[in-house]
Amino acid sequence: MSDPVGDVIGDYRAFAERQRDRLLMRGIDISPCELSHLAFRVPEWEQYVHVRTLLERHAVSNNENVWNGRPISLIVPAEPLEVLDGKVVPLIELIPPVHQRVYRMGLEHLGVVVGAGFDDFVEAHKPVLTGQQFQGPHSRPDPVYILFEDFTHVKFYRLSLRASVELDAGPFRDGFHHVDDWVPQQLVTATGPNPLPR
């Protein structure tokens, strides 16, 4: 069966299954939960633009916005991605550099919606949670996450990523909206953008 999104981002079904199984080993069963999104990271700006273009061919919208100093695409697939025996992934988060720390490139995290029981979930699973991610003044609340040994994550939300963004910025617009006049960031060392002398 043809899977054009999988051709771009890889085997997202196997990724979701691996993350689910790792959670089960830590005592977390996500089978009652909805899924928020899949995140895909790329190491270079040019690759971001290329992957964005490929994914938009199989999407109904992209509401790109600036977060943490660079654009991030929030892509709504034309056909929601089906994983984990019928669960639906309604959104792909495409993340370009500059990344704040070491992350796995490619499929990097699965977003899970815990819902109204978020606070109880956090309290019950504190021993296996890695941390909480600050996502700005309008985050409701900031997601918690588990970091695995391969630098992939599962992030847990009260509301889906899309719902959280829409509460802050209004409903997603139809079509494809990119950040205008974006200049990719460059990493600069104390000696400038050139390699350090040997």
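Refer to the structure printed above.
Keep in mind the model is a prediction, meaning the values are calculated, not measured.

**Q** Which residues make up the side chain of Glu 108, and what values go with them?
**A** Position of Glu 108 among the secondary structure elements: in strand S8 (residues 106–113). In contact with Glu 108, not counting residues within four places along its chain, are Phe 15, Ala 39, Arg 41, Tyr 103, Phe 151, Thr 152 and His 153.

**Q** Account for the nonpolar core, with residues named and values stated.
**A** As a rule of thumb, soluble globular proteins bury nonpolar side chains together. Core analysis: the largest hydrophobic core is formed by 38 residues, its most contacted members being Tyr 12, Leu 23, Ile 30, Leu 35, Leu 110, Val 112 and Phe 156. With residues up to four places along the chain from it excluded, the contact list for Leu 35 reads Ile 30, Val 83, Leu 84, Lys 87, Val 88, Val 89, Pro 90, Leu 110, Gly 111, Val 112 and Val 113. Among the nonpolar cores identified, the runner-up in size contains eight residues, and Ala 39, Ile 72, Leu 91 and Leu 161 belong to it.

**Q** Break down helix H2 (residues 12–25) for me, citing the residues and quoting the values.
**A** Since there are 3.6 residues in each turn of an α-helix, residues three or four apart along the chain are aligned in direction. A rise of 1.5 Å per residue sets the reference length of H2, with its 14 residues, at 20 Å; its end C-alpha atoms lie 20 Å apart and thus fit the reference within 8%. What H2 keeps buried is the set Tyr 12, Phe 15, Ala 16, Gln 19, Arg 22 and Leu 23. In a view along the axis of H2, the buried residues occupy a sector of 125°, so they form one face of it. Contacts from the buried residues of H2 go to helix H1 (4–9), strand S1 (34–41), strand S5 (81–83), S8, strand S10 (144–147) and strand S11 (153–157).

**Q** Break down the packing of aromatic side chains for me, citing the residues and quoting the values.
**A** Under the defined criterion, the tally for this structure stands at two aromatic pairs. Here Phe 121 and Phe 156 contribute two aromatic rings whose centre-to-centre distance is 4.8 Å and whose plane-to-plane angle is 45°, an arrangement assigned as tilted. In this pair, Phe 121 is assigned in helix H4 (residues 118–125) and Phe 156 in strand S11, connecting sequence segments 35 residues apart. A cation over an aromatic ring shows up here: Arg 22 above the ring of Phe 148, its NZ or CZ 4.8 Å from the ring centre. The lysine or arginine in question, Arg 41, covers the ring of Tyr 103, its NZ or CZ lying 3.5 Å from the ring centre.

**Q** Provide a residue-level description of unusual backbone geometry, including the pertinent values.
**A** Unlike most non-glycine residues, Leu 84 shows phi in positive territory, near 50°. Of note, Asp 85 is a non-glycine position whose phi angle comes to about 60°, a positive value. Turning to its location among the elements, Asp 85 is positioned in the loop between S5 and strand S6 (87–89). By relative accessible area, Asp 85 is classed as exposed at 79%.

Reading the values: the criteria
- Residues numbered from 1 in each chain as written.
- Predicted model: local features only at pLDDT ≥ 70, side-chain atom pairs only at ≥ 80, totals over all residues.
- Heavy atoms only, no water.
- Helix = DSSP H or I, 4+ residues; strand = E, 2+ residues; numbered from the N terminus.
- Contact = heavy atoms within 4.5 Å.
- Core = buried A, V, L, I, M, F, W, Y, C linked by side-chain atoms within 4.5 Å.
- Buried < 20%, exposed > 50% of the residue type's maximum accessible area, 1.4 Å probe, protein only.
- Expected span 1.5 Å × (residues − 1).
- Arc of directions from axis to C-beta.
- Phe/Tyr/Trp six-rings, centres within 6.5 Å; stacked < 30°, edge-to-face > 60°.
- Lys NZ or Arg CZ within 6 Å of the ring centre and 35° of its normal.

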